[in-house]
Amino acid sequence: MMRQMNRSKQAIAPKKAIKLPFPNIDIKDGYIVIDNGDGDFTKVGREIRIKSIETDLDTDAVAYILTFQYGERIVEKRVERGDLTKVKLLRLLESGADIFDHNVDTIIRHLRNEEVRAPMVNVHHQIGWGKYGDKPIYKHYQAVGIESTFSGSLAIEPQGDFDKWKNMVDTEVLGHTPLELALVLGFSAVTIGFISEDLASGSLVSHLSGDSTTGKTTAVMLAGSVAGCVDSKKNGLCGTWNTTRNALMGHLRDNYGLPVIFDEASMSGLKDYTNILYMLSEGKEKARLTKELDMREQANWRTSILSTGEYGLVGKSKQNTGLRVRILEFFDVNWTTSAENAEAIKETVLKNYGHAAPLFAECLLKLGKSEVIQTVDNWRERYLSEFHGGNDRLTERSSLNVAILLTTAELVKQHFGFSIDVEKMLGFIADSERQTMEDRDIGAKAYNYFLEQVAIHQHKFSSSHGELSKGLEDFETVQGDHWGHWDHTDEGAEIVITKEAFKQILKDGGYEDPRMILSRWKQQGLLNCESDRHTRRRKLGSKGPTLDLYVIKVERDLMTGVDEEEKPRQASRLPNGKVPVKKVKAGALKVV
């Protein structure tokens, strides 16, 4: 593989003792020559030098950086060592190298001599954490833990001045918790890549939603600036959702510790984010086959992914609890304090970036994984105490990501001397968590949605009223499809519904797993069913066969027909504590 090169490397000194494999081939007066002895030389072609020999730490592949002159310009080419054959080396002719059929054998021998003399360097094309032998290293533009330089095209080379960036953080960021959190979200990529393998965690996906005046784009630019360029017009860390699925995966591939940004979700055109969000948080591309039916190599990553948009992503996904505990969503937060504040941050991060992440990686290396993980455990316990030990089972599952964020905040505060208020950040995240708890309890949310649909489609349900219905030949008239019927009892009511109608209602609401919903309701006492199944044997109408039907309980206080004079109304609540319905006219429900 040959490609144009335009970069400099810090070289490792070559071996001191040089013994050329072909001592009669040399460089003289700008030409490759053959020494015939007695001062007689035969010109072979214009000189071709090996500037350096690169060893890729990620693949162990060896390549030459060749330089030669053509006309008035110096040409630089990267050539894999395996391409030093007659056929492949002749391709350099089109770039101006003096390589022809009659001299290619001598050129190859000359390059063997150059290989002995050329300096050797390490390069890497993957970014973030990795290993060299058994030693952890952090691969940024210049690696931490080993001498190596980034060979890819991603714009992560540090630019500007670190002190200018740090001064901006001191004056524009600190003291405003949302911006402090945005800064920590950027640094958290380094922490996640460092310990994710030990904690079996995936990537952290955070989504900032709200209108265009909240400063969410400025916040993610601040986060990305810890590690690289955040100019969306350049090939940096800040991309957009307006891209193909493959390009999205390519932006994340082999990233184990640098933040990635996808701005403005409304540009994606996606109607359902379920699959893409699972992949982002899982850190692994969906398995695919090649044309030859072999498994295609999957893209992998472990990092912090930041997204923005006017709407939430989970709300545009199928209703699934597993997804809701994987994503941190922040709604309608004023990320910046003013237009001037946002402008000052943007102006600084566009010119000064990429310095902080490698410095933080050095900090983590000095601390070691065990100490960092212990800090995560401490913050996890502290965070769960905000919820009385995690009474919400979903809070326990989402607490690891939050603990990693708070750990990062503490370590960044210590290492850089930033006056981050970690306790206030804990409260900010906890408040956001409380706001989404109800939405995350998929059983309660599905129950509320189901009652709402029954109220909307009440004309498809017939109704019996216990003793009052005796002697009636038929149930109340049903308009259109007959989905089921009401059974009114002293305790309240039961909605008896066919399996197909129930599944269709849930599917229309984005609930893909009815069995899981039914299991939740059974645990919460909302389902009247046999002990070993989710159904009861009932008749759909006053006549007809006995069928396996779903029977969902509705408490008396949620129904009409209760005598207000005889029984004071007591608010009946769903498992999440919310009152989902109130009394309306007979046979109807209204969700609040």
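See above for the structure.
Residues numbered from 1 in each chain as written. Predicted model: local features only at pLDDT ≥ 70, side-chain atom pairs only at ≥ 80, totals over all residues. Heavy atoms only, no water.

## Looking at the side chain of S188
Part 1: Locating S188 in the fold gives a position in helix 4 (residues 177-199).
Part 2: Note on S188: relative accessible area 0%, which makes it buried.
Part 3: Within the local environment of S188, its side chain forms a polar contact with the backbone oxygen of L185, the two atoms lying 2.6 Å apart.
Part 4: With near-sequence residues (within four places) excluded, S188 lies in contact with L204, S304, L405 and T408. (Helix = DSSP H or I, 4+ residues; strand = E, 2+ residues; numbered from the N terminus. Buried < 20%, exposed > 50% of the residue type's maximum accessible area, 1.4 Å probe, protein only. Polar contact = N/O pair within 3.5 Å; in protein donor to acceptor, adjacent residues only side chain to side chain. Contact = heavy atoms within 4.5 Å.)

## A few points about the packing of helix 14 (residues 442-456) against helix 15 (residues 499-508)
Part 1: Following both chains from N to C, one finds helix 14 and helix 15 inclined at 110 degrees, their axes separated by 10 Å at the closest point. As the angle between them shows, helix 14 and helix 15 are arranged roughly perpendicular. Classified by chirality, the crossing of helix 15 by helix 14 is right-handed. Counted together, Y449, F450 and Q453 of helix 14 and F502, I505 and D508 of helix 15 form the full contact between these two elements.
Part 2: The residue makeup of the contact of helix 14 with helix 15, split by class, is four nonpolar, one polar and one charged. (Axes fitted to C-alpha atoms, helices over the stretch in contact; angles between N-to-C directions. Parallel < 35°, antiparallel > 145°, perpendicular 65-115°, else oblique. Left-handed = near helix turned anticlockwise from the far one by under 90°. Nonpolar A, V, L, I, M, F, W, Y, C, P; charged D, E, K, R; others polar.)

## What about the packing of aromatic side chains?
Part 1: One pass over the structure, following the stated rule, counts 21 aromatic pairs.
Part 2: With a centroid separation of 5.6 Å and an interplanar angle of 85 degrees, the aromatic rings of Y447 and W521 are classed as edge-to-face. Here Y447, found in helix 14, pairs with W521, found in helix 16 (residues 514-523); they are 74 residues apart in sequence, far enough to count as distant. Neither Y447 nor W521 differs from the other in exposure class; each is buried.
Part 3: The side chain of K28 reaches across the aromatic face of F41, ending 5.1 Å from its centre. (Phe/Tyr/Trp six-rings, centres within 6.5 Å; stacked < 30°, edge-to-face > 60°. Lys NZ or Arg CZ within 6 Å of the ring centre and 35° of its normal.)

## Brief notes about the sheet that holds strand 4 (residues 40-46)
To summarise the sheet geometry, strands pair through backbone hydrogen bonds and adopt either a parallel or an antiparallel arrangement.
Part 1: Sheet architecture is open: three strands sit in the order 2-3-4, paired in antiparallel fashion. The open sheet has two edge strands, strand 2 (25-28) and strand 4, and neither has a second partner. On average, each strand axis in the sheet is tilted by 40 degrees relative to the strand beside it, whichever way the strands run.
Part 2: Here strand 3 (residues 31-37) runs beside strand 4; their pairing, made up of six bridges, is antiparallel. (Pairing = 2+ DSSP bridges.)

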